[in-house]
Amino acid sequence: MKRVAALIAILSVVSFPGMAQKRPTSFPVKQTENPDYWRSAGKNAVSAAKDRSFKRRKAKNVILFVGDGMGVSTLTAARILEGQLRGESGEENLLSFERFPFSALSRTYSANQQTSDSAPTMSAIITGMKTNEGLISVNNNGVFGDYSTLAGNEAETLIEMAESKGRSTGVISTARLTHATPAACYSHSIDRNWESDAYIAARAPEAHKAGAKDIARQLIEFDKGNGLEVAMGGGRSFFLPKDTSDPEYKDKNGVRLDGRDLTSEWVKKHKNSSYVWDKAGFDSIDVSKTDHLLGLFERSHMQYEADRKNDGAGEPSLTEMTTKSIDLLSKNKKGYVLVVEAGRIDHAHHDGNAYRALTDTIELSNAVRAARSKVDLKDTLIIVTADHSHTFTIAGYPARGNNILGLVREVAPGGKSEKDAALDKNKMPYTTLRYADGPGARGGERKALSDDEVTDPDFKQEATIPLSSETHGGEDVAIFADGAGSYLFSGSMEENWIFWYMRDALRF
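Basis of the calculations
Residues numbered from 1 in each chain as written. Predicted model: local features only at pLDDT ≥ 70, side-chain atom pairs only at ≥ 80, totals over all residues. Heavy atoms only, no water. Salt bridge = Lys/Arg side-chain N within 4 Å of Asp/Glu carboxyl O. Helix = DSSP H or I, 4+ residues; strand = E, 2+ residues; numbered from the N terminus. Buried < 20%, exposed > 50% of the residue type's maximum accessible area, 1.4 Å probe, protein only. Axes fitted to C-alpha atoms, helices over the stretch in contact; angles between N-to-C directions. Parallel < 35°, antiparallel > 145°, perpendicular 65-115°, else oblique. Contact = heavy atoms within 4.5 Å. Nonpolar A, V, L, I, M, F, W, Y, C, P; charged D, E, K, R; others polar. Pairing = 2+ DSSP bridges.

Caption draft 1: A look at the pattern of salt bridges. The tally for this structure, following the rule as stated, stands at 32 salt bridges. Glu-195 serves as the salt-bridge partner of Arg-176, at 2.8 Å between the closest nitrogen and oxygen. Placement of Arg-176 in strand β3 (residues 168-176) and of Glu-195 in the loop between α6 (180-186) and α7 (197-203) is noted, with a sequence separation of 19 residues between them. Neither Arg-176 nor Glu-195 differs from the other in exposure class; each is buried. Asp-424 is paired through a salt bridge with Arg-446; the nearest N and O atoms lie 2.5 Å apart. Linking Asp-424 in the loop between β10 (392-394) and β11 (433-438) with Arg-446 in the loop between β11 and α15 (451-454), this pair joins segments that are 22 residues apart in sequence. Given the relative accessible area of 24%, Arg-446 is considered partly exposed. Shared partners join several salt bridges into a network, and the residues in it are Lys-213, Arg-217, Glu-221, Arg-260 and Glu-265.

And the structure:
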């Protein structure tokens with residue numbers, strides 16, 4: 001609560017999006033920057049790099065953070081926004097994990113896609129196998145939608161390996177737990193959309209008759225070791241029968257056709273287990289008395305971080321889910337593997353809404369910072385990466401400290417920012433943040449945009465090609481690593497190498 005109160009106080013000062021006051025067009029540089037400063041900063045960077053050392057330590061624990069769709073431009077814009085939320089110019093800011101000592105680039109193409117979807121990219125990260133479009137932890141001998149190609153082509157996941165080795169495991173996400181990225185950790189599916197039996201019955205009746213297991217069912221029936229210790233996110237409707245009303249939205253029901261209440265089955269299956277669906281239930285969990293925790297906080301995806309305060313039943317933040325998961329998993333002296341997904345970065349980008357993509361990225365940074373403060377890096381490897389990028393761009397020639405969500409204002413004579421926004425060939429202002437495609441394409445002649453419009457949290461950034469949903473980008477994404485085994489991460493890497501580096505650090 002103190003962090004939330006502090007953020008509200010900051011927002012009231014800088015009058016950022018969603019506030020009633022006039023939005024600022026620029027933010028001042030907060031530090032003195034002159035030739036002596038740049039000289040000193042450069043020398044300090046050299047010294048820090050020379051002092052960097054590592055030991056080839058075994059990792060008892062691995063925490064993998066995945067910012068779904070968190071490309072490099074997203075990182076840049078989010079770090080600037082975070083700085084500007086503090087009233088700074090923002091460009092000099094760093095997200096928590098950007099301070100990690102080791103980093104690399106990840107090549108995200110899949111076995112049959114130049115620009116990939118989340119199913120094969122996360123499958124590569126968690127199984128070490130590049131695979132085809134739409135496949136969940138199935139090797140590239142599988143054929144999307146063809147159930148007959150599943151058996152024998154399942155790719156073992158790091159979560160399955162960890163359970164078999166006696167480690168504890170957890171998967172948490174702000175998306176549905178059955179969505180592609182978290183699902184790849186514990187399930188094997190020939191179609192990423194088979195999140196419930198209702199979908200299989202509707203779209204693949206022959207597979208349904210043949211006994212194809214939906215993803216929600218596979219989470220509950222996960223039988224490696226003693227099963228997942230932590231599973232938290234959204235997607236509650238896929239775990240409840242179609243004649244059972246939702247606990248939060250009484251006028252809506254579950255979607256399962258088999259009549260199974262998978263939330264009840266979780267509690268019955270595991271000793272000292274709990275199922276929670278709201279913030280009060282989450283807060284009441286005593287991890288010292290809980291060995292298996294299932295949390296499903298929305299019928300579909302969880303709220304964006306910017307909207308979480310408006311949720312009626314209340315939802316934990318990604319930071320809160322991360323820290324509680326670490327507390328529970330740390331009870332196992334053999335160690336644990338935890339996968340944390342900030343899944344809604346991706347969804348906001350698809351919707352052409354930079355504000356929510358960036359604020360969810362900032363919350364991921366908060367979660368990483370909290371996790372790092374709770375673990376011993378001598379025996380814990382922390383990795384932060386993305387599964388793929390988006391067509392999100394930062395462009396124009398805005399002056400230093402220009403509102404990252406605002407209209408472009410260039411450098412005026414004398415070095416300060418221009419008062420008036422820069423204009424295109426049609427005498428129209430334009431924003432710094434844009435998309436190559438998506439719902440923000442206006443079509444025809446562009447209309448004049450105001451500062452209030454473009455800094456509104458609901459604004460959809462302009463796009464070049466009109467699409468109902470913005471697409472992924474195919475460029476490399478960043479990897480950041482710290483702790484035991486982190487020295488392995490460097491250079492230009494294939495995305496599936498992340499799995500092999502984690503496996504090596506764990507000595508599996």
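Caption draft 2: Highlighting the packing of helix α3 (residues 72-85) against helix α14 (residues 354-374). Look at α3 against α14: their axes get within 9 Å of each other, and the N-to-C directions meet at 80°. Put simply, α3 runs roughly perpendicular to α14. Of α14, the residues touching α3 (which contributes Thr-74, Ala-77, Ala-78, Leu-81, Glu-82 and Leu-85) are Leu-358, Thr-359, Thr-361, Ile-362, Ser-365, Asn-366 and Arg-369. Class assignment of the residues belonging to the contact of α3 with α14 gives a composition of six nonpolar, five polar and two charged.

Caption draft 3: Quick peek at the sheet that holds β11. One open sheet accounts for three strands, arranged β10-β11-β12; its pairing is mixed. Among the strands making up the open sheet, the edge pair consists of β10 and β12 (463-466). Taken over all neighbouring pairs, the strand axes of this sheet differ in orientation by 20° on average, direction set aside. In this structure, β10 lies alongside β11, joined through three bridges in antiparallel fashion. Bridge pairing in β11 places Ile-394 opposite Leu-433.

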